[in-house]
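# Observations on the model geometry
The residues making up each chain are set out below.
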Amino acid sequence: MRGPETTQTAGFTAADYTGVLVVTLDRPPANALNRSAIRNLAALFADLSEMREAPPVVLTGQGERFFCAGGDIKELEQAPQQELDARMREFHSLLVAMDRYPRPVISAINGHCVGGGMEIALFADTVLAVHGARFGFPEINHGLLPADKGIQRAARLLGARTARRLLLSGELFDAETALEIGLVDVLADPADLVAAAVASAREAGAKAPVLYGALKRSVNDSDDSRDEVSLHRTLGSAAEYFDDPVARGLRDSWNGSRTRGGQG
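Residues numbered from 1 in each chain as written. Predicted model: local features only at pLDDT ≥ 70, side-chain atom pairs only at ≥ 80, totals over all residues. Heavy atoms only, no water.

## Considerations on the sheet that holds strand β11 (residues 186-188)
Read from one edge of the open sheet, seven strands run β1-β2-β3-β4-β6-β8-β11, paired in mixed fashion. The sheet terminates laterally at β1 (6-9) and β11, the two strands that pair on one side only. The average undirected angle you get between the axes of adjacent strands in this sheet is 20°. By the bridge criterion, three bridges tie strand β8 (residues 126-130) to β11 in an arrangement that is parallel. Its bridge partner lying in β11, Ala 129 is registered against Leu 187. (Pairing = 2+ DSSP bridges. Helix = DSSP H or I, 4+ residues; strand = E, 2+ residues; numbered from the N terminus. Axes fitted to C-alpha atoms, helices over the stretch in contact; angles between N-to-C directions.)

And the structure:
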């Protein structure tokens, strides 16, 4: 039996499963997001939104260990401040595009889902995960911060107290805990994950699009002015931590690099 036609873009593949678009993050070994992958994902959601019959989308990761390990920190090694600013702007644009996508977005978490991967999961309408998946916001331990829009979504969906604990500790947690706190909706076996996500997307996609989109807009409560404030807050925080010696030391340690140990 012939499989779905797949197209390759820098950072991910996309395959049409009879009206459901399955987007697979594909940057071995950990599906970490560099600027081109972030930019291409944001463009994909923006372009799909303009379609008269935009498809439901399933987001998953290539391989068995990682859904997404967050941003590719190696891209920031010896990079100027402007590089971080550009990447944070582009990641913010991705979250905005997902937030405003009028059709179902289903995350199929096939492995570790941390940092930026967590933020992507938070902007899905439904999240399925394998039992062995791990989640968390480890940025505070790695000399980084999540995007402010992702932080705000975590507080809204998980509750301020839970979000505060996860963000300030940087602790990782298992899929069962993710189910308990409301991050994950359904646990699935690895062999069934994508099929279950496609079925969920197809079921949601069968709802009247105009009604689904209107309800999603009201629930997400997107707002241009709030998004602008959130972007500036993200950029302001990034400017503070980019050259901070403690934050830089954490990033260098995480990378296994000591070449800049005396700088900052």
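## Re helix α1 (residues 35-49)
Helix length check: α1 (15 residues) gives 21 Å between terminal C-alpha atoms against 21 Å at 1.5 Å per residue, within 8%. Residues of α1 that are buried include every one of Arg 35, Ala 37, Ile 38, Leu 41, Ala 42, Leu 44, Phe 45 and Leu 48, and no others. Tucked inside the fold, the buried residues of α1 contact β2 (12-17), β3 (20-25), β4 (57-61), α2 (81-99) and β6 (105-109). (Expected span 1.5 Å × (residues − 1). Buried < 20%, exposed > 50% of the residue type's maximum accessible area, 1.4 Å probe, protein only. Contact = heavy atoms within 4.5 Å.)

## So, the packing of aromatic side chains
By convention here, two paired aromatic rings are described through the distance between centres and the angle between planes. Enumeration according to the criterion identifies two aromatic pairs in this entry. Their ring planes at 80° and their centres at 5.4 Å tell us that Phe 45 and Tyr 101 sit as a pair that is edge-to-face. Within this pair, whereas Phe 45 is found in helix α1, its partner Tyr 101 is found in the loop between α2 and β6, the two being separated by 56 residues in sequence. Overall, Phe 45 belongs to the buried group, its relative accessible area being 1%. Tyr 101 gets classed as buried once you look at its relative accessible area, which sits at 0%. (Phe/Tyr/Trp six-rings, centres within 6.5 Å; stacked < 30°, edge-to-face > 60°.)

## With respect to the pattern of salt bridges
Pairing between side chains of opposite charge can happen when their charged atoms approach one another. In total, this model carries 15 salt bridges according to the counting rule given. In this structure, the salt-bridge partner of Arg 27 is Asp 72, at a minimum N-O distance of 3.4 Å. Highlighted residues: Arg 27 in the loop between β3 and α1 and Asp 72 in the loop between β5 (66-68) and α2, separated in sequence by 45 residues. Asp 72 gets classed as buried once you look at its relative accessible area, which sits at 17%. A salt bridge links Arg 153 to Asp 99; its shortest N-O distance comes to 2.5 Å. Remark: Asp 99 occurs in helix α2 and Arg 153 occurs in helix α4 (residues 148-158); sequence separation between them is 54 residues. Within this structure, Asp 99, Arg 100, Lys 149, Arg 153, Asp 224 and Asp 227 form a network of salt bridges that share partners. (Salt bridge = Lys/Arg side-chain N within 4 Å of Asp/Glu carboxyl O.)

## Considering the sheet that holds strand β7 (residues 112-114)
Sheet strands line up and pair through hydrogen bonds in the backbone, either parallel or antiparallel. The strand order across the open sheet built from four strands is β5-β7-β9-β10, with neighbouring strands paired in mixed fashion. Of all strands in the sheet, those bounded by a partner on one side alone are β5 and β10 (172-174). Along the sheet, successive strands turn relative to each other by an average axial angle of 20°, direction set aside. Where β7 meets strand β9 (residues 134-136), two bridges bridge the pair, whose relative direction is parallel. Of the residues in β9, the one forming a bridge with Val 114 is Gly 136.

## Focus: the confidence of the model for the protein chain
Predicted confidence across the protein chain gives a mean pLDDT of 92, with 96% of residues reaching 70 or more. Taken as a whole, residues 257-264 scores under 50 in pLDDT and shows twelve contacts with residues more than four places along the chain or in a different chain. (pLDDT = per-residue confidence, 0-100.)

## A short note on the pairing of β6
Where burial is concerned, most of β6 is hidden: five out of the five residues are buried. Looking at chain direction, β4 and β6 are connected through three bridges and run parallel. Across the sheet, the residue bridging to Val 58 is Ile 106, located in β6. Summarising the sheet, β6 and β8 pair through four bridges and their orientation is parallel. Its bridge partner lying in β8, Ser 107 is registered against Val 127.

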